[in-house]
Amino acid sequence: MADPTTAVVWDRALLDYDMGDHPLNPVRVELTMALARELGIFSRPGVQMVTPRPADDADLTRIHRPDYLDAVRLAPSDPFFRGWGLNTEDNPVFDGMHEASARICGASIAAAEAVWHGTATRAVNVSGGLHHAMASRAAGFCVYNDPAVAIARLLDQGAQRVAYVDVDVHHGDGVQTAFYDDPRVLTISLHETPLALFPGTGFADEIGGRNAEGTAVNLPLPPGTSDAAWLRAFHAVVPSVLRAFAPEIIFSQCGADAHRLDPLADLSLSVDGQRAAYIAMRSLADELCDGRWVAMGGGGYALVEVVPRAWTHLLAVATGDPLDPSVVIPPAWRAFAAERCPRGVVPSVMTDGTEPVVEAWQPGTTPDAVDRAILATRMAVFPLHGLDPHDPRD
């Protein structure tokens, strides 16, 4: 493979996806881009900054109903608007909601097309990853589903085998639903168990619709799962299924809310564990599809402490050498973060001080809840890919 190039899709207008006093605060994206810039990520060889255009209705209606788009346009002008999942505590309306949501979709389309058409090997849109939106309903802070819209665009352009790997703490339900009956799209989601967390879906027995069995893969993990167990689960399921599926391109939704400091969920990863996951996904793209990898952001509600560091590691992994975890965060960024989020605890280094260990999965040797989750997922989907659920070599 030639030296990889990376498209970083960015426009300050992407910060207009702003629900006000709400957990999904665009400052997490602003601080990420500022930290990556301070650390020289965007000055690396082969990095191209791409300014996206908003997705148009033809793009959006590949996933969303036209009358839902009409509702999104109308809702901000009607204080009594109800329906479509809008104007709720989770999904408050805001001025310019359609335009801001369409721009994030356009950014993910731009990332996908840069990779698909070969102008870049990898691409990143940290503002994207709004994976809960459904065809006719806003959900989980998501108005339009940019990963699904971008994948649909590539299917229209001839893609036959697209893999989507979601490591957000919440199940990637909207993307799974969009392609549940489409054997061309493999969706893999690692998330906190739906017994404990929104959206209440993502059980191991959700495996894909008729004629697409095995193309939905779900690995629900118990609250408290930390780096070593999470990485054991990832490596026990994801590489084998991806290798069997043989994708042409890999999409990753990289929500940072599986971190132990996230206020909305209960997994217990570190920034170092998240960094290890990004490296693993890049390696799989290098192995399976000539490096073609599209990465998006997603959830993440520890706005200063976690998200900027996690996604700066993501940007570093996508653009070249991973950052050394011991890198000291520049004072200029620390001052900017303190100004933008006065109540946040501003970190001083790019590590949480852990060294994640990847444990090899062996059936029956780790009789804990994570091991049981791994086996349930392997039992549900491995035979559909010609794999032995009990053989750790598969």
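Residues numbered from 1 in each chain as written. Predicted model: local features only at pLDDT ≥ 70, side-chain atom pairs only at ≥ 80, totals over all residues. Heavy atoms only, no water.

Draft legend 1. Local environment of the overall build of the protein chain. Counting its secondary structure elements, the protein chain contains 11 helices and eight strands. Over its C-alpha atoms the protein chain spans a radius of gyration of 19 Å, differing by no more than 12% from the 21 Å that the globule rule assigns to 394 residues. Projected onto the principal axes, the alpha-carbon positions of the protein chain cover approximately 55 × 50 × 45 Å. For the protein chain, buried positions account for 60% of its 394 residues. Taking contacts inside the protein chain between residues at least 6 apart in sequence as the whole, the part at least 24 apart equals 76%. Put simply, the protein chain shows about 14300 Å² of open surface, and 51% of that area lies on carbon and sulfur atoms. Where the 29 positive side-chain charges of the protein chain centre and where its 50 negative ones centre are 2 Å apart. (Helix = DSSP H or I, 4+ residues; strand = E, 2+ residues; numbered from the N terminus. Rg over C-alpha atoms; globule rule 2.2 N^0.38 Å. Buried < 20%, exposed > 50% of the residue type's maximum accessible area, 1.4 Å probe, protein only. Contact = heavy atoms within 4.5 Å. Areas by Shrake-Rupley, 256 points an atom, 1.4 Å probe, with all protein chains shown as cover. Lys, Arg positive; Asp, Glu negative; His and termini not counted. Charge placed at Lys NZ, Arg CZ, Asp CG, Glu CD.)

Draft legend 2. Expanded view of the sheet that holds strand β3 (residues 122-125). Read across the sheet, eight strands follow the order β2-β1-β3-β8-β7-β4-β5-β6 without closing on themselves; strand pairing throughout is parallel. Two strands lie at the open edges of the sheet, namely β2 (47-50) and β6 (216-221), each paired on one side alone. When the angles between neighbouring strand axes are averaged without regard to direction, this sheet yields 15°. In terms of strand pairing, strand β1 (residues 6-9) meets β2 through four bridges, oriented parallel. Across the sheet, alanine 7 pairs through a bridge with glutamine 48, a residue of β2. (Pairing = 2+ DSSP bridges. Axes fitted to C-alpha atoms, helices over the stretch in contact; angles between N-to-C directions.)

Draft legend 3. Seen up close, the nonpolar core. Counting residues in hydrophobic clusters, the biggest one holds 137 residues, and the most contacted among them are Trp230, Phe234 and Phe251. Take this core: its biggest share by element is 12 residues, from helix α4 (residues 97-116). Sequence-distant contacts of phenylalanine 234, defined by excluding residues within four places in its chain, comprise Val165, Val167, Leu190, Pro239, Ala280, Met281 and Leu284. (Core = buried A, V, L, I, M, F, W, Y, C linked by side-chain atoms within 4.5 Å.)

Draft legend 4. Here's a closer look at unusual backbone geometry. The linkage connecting phenylalanine 198 with the following residue, proline 199, adopts the cis geometry, with an omega of 5°. Positionally, proline 199 belongs in the loop between β5 (185-192) and β6. A positive phi angle is found at tryptophan 84, which is not glycine, with a value near 65°. Its location among the elements puts tryptophan 84 in the loop between α3 (66-74) and α4. With a phi angle near 70°, asparagine 211 is a residue other than glycine that sits in the positive phi range. Structurally, the position occupied by asparagine 211 is in the loop between β5 and β6.

Draft legend 5. Geometry of the packing of helix α8 (residues 271-288) against helix α9 (residues 307-319). Between α8 and α9, the shortest axis-to-axis distance is 9 Å and the interhelical angle comes to 25°. Between α8 and α9, the crossing angle belongs to the class labelled roughly parallel. Handedness of the crossing formed by α8 with α9: right-handed. Seen from α8, the contacting residues are Val271, Gln274, Arg275, Tyr278, Ile279 and Arg282; seen from α9, they are Arg309, Ala310, Trp311, His313, Leu314 and Val317. Each residue belonging to the contact of α8 with α9 can be placed in one class, and the counts come to seven nonpolar, two polar and three charged. (Parallel < 35°, antiparallel > 145°, perpendicular 65-115°, else oblique. Left-handed = near helix turned anticlockwise from the far one by under 90°. Nonpolar A, V, L, I, M, F, W, Y, C, P; charged D, E, K, R; others polar.)

Draft legend 6. A look at the environment of proline 347. With respect to the helices and strands, the residue proline 347 is situated in the loop between α10 (331-340) and α11 (369-381). With relative accessibility at 11%, the residue proline 347 sits in the buried group. Considering only alpha carbons, one finds proline 347 and glutamate 305, 42 residues apart in sequence, at a separation of 5.9 Å. For proline 347, the contacting residues outside a window of four places in its chain are Val304, Glu305, Arg309, Ile329, Trp333 and Arg334.

Any functional reading would require information beyond the geometric quantities listed.
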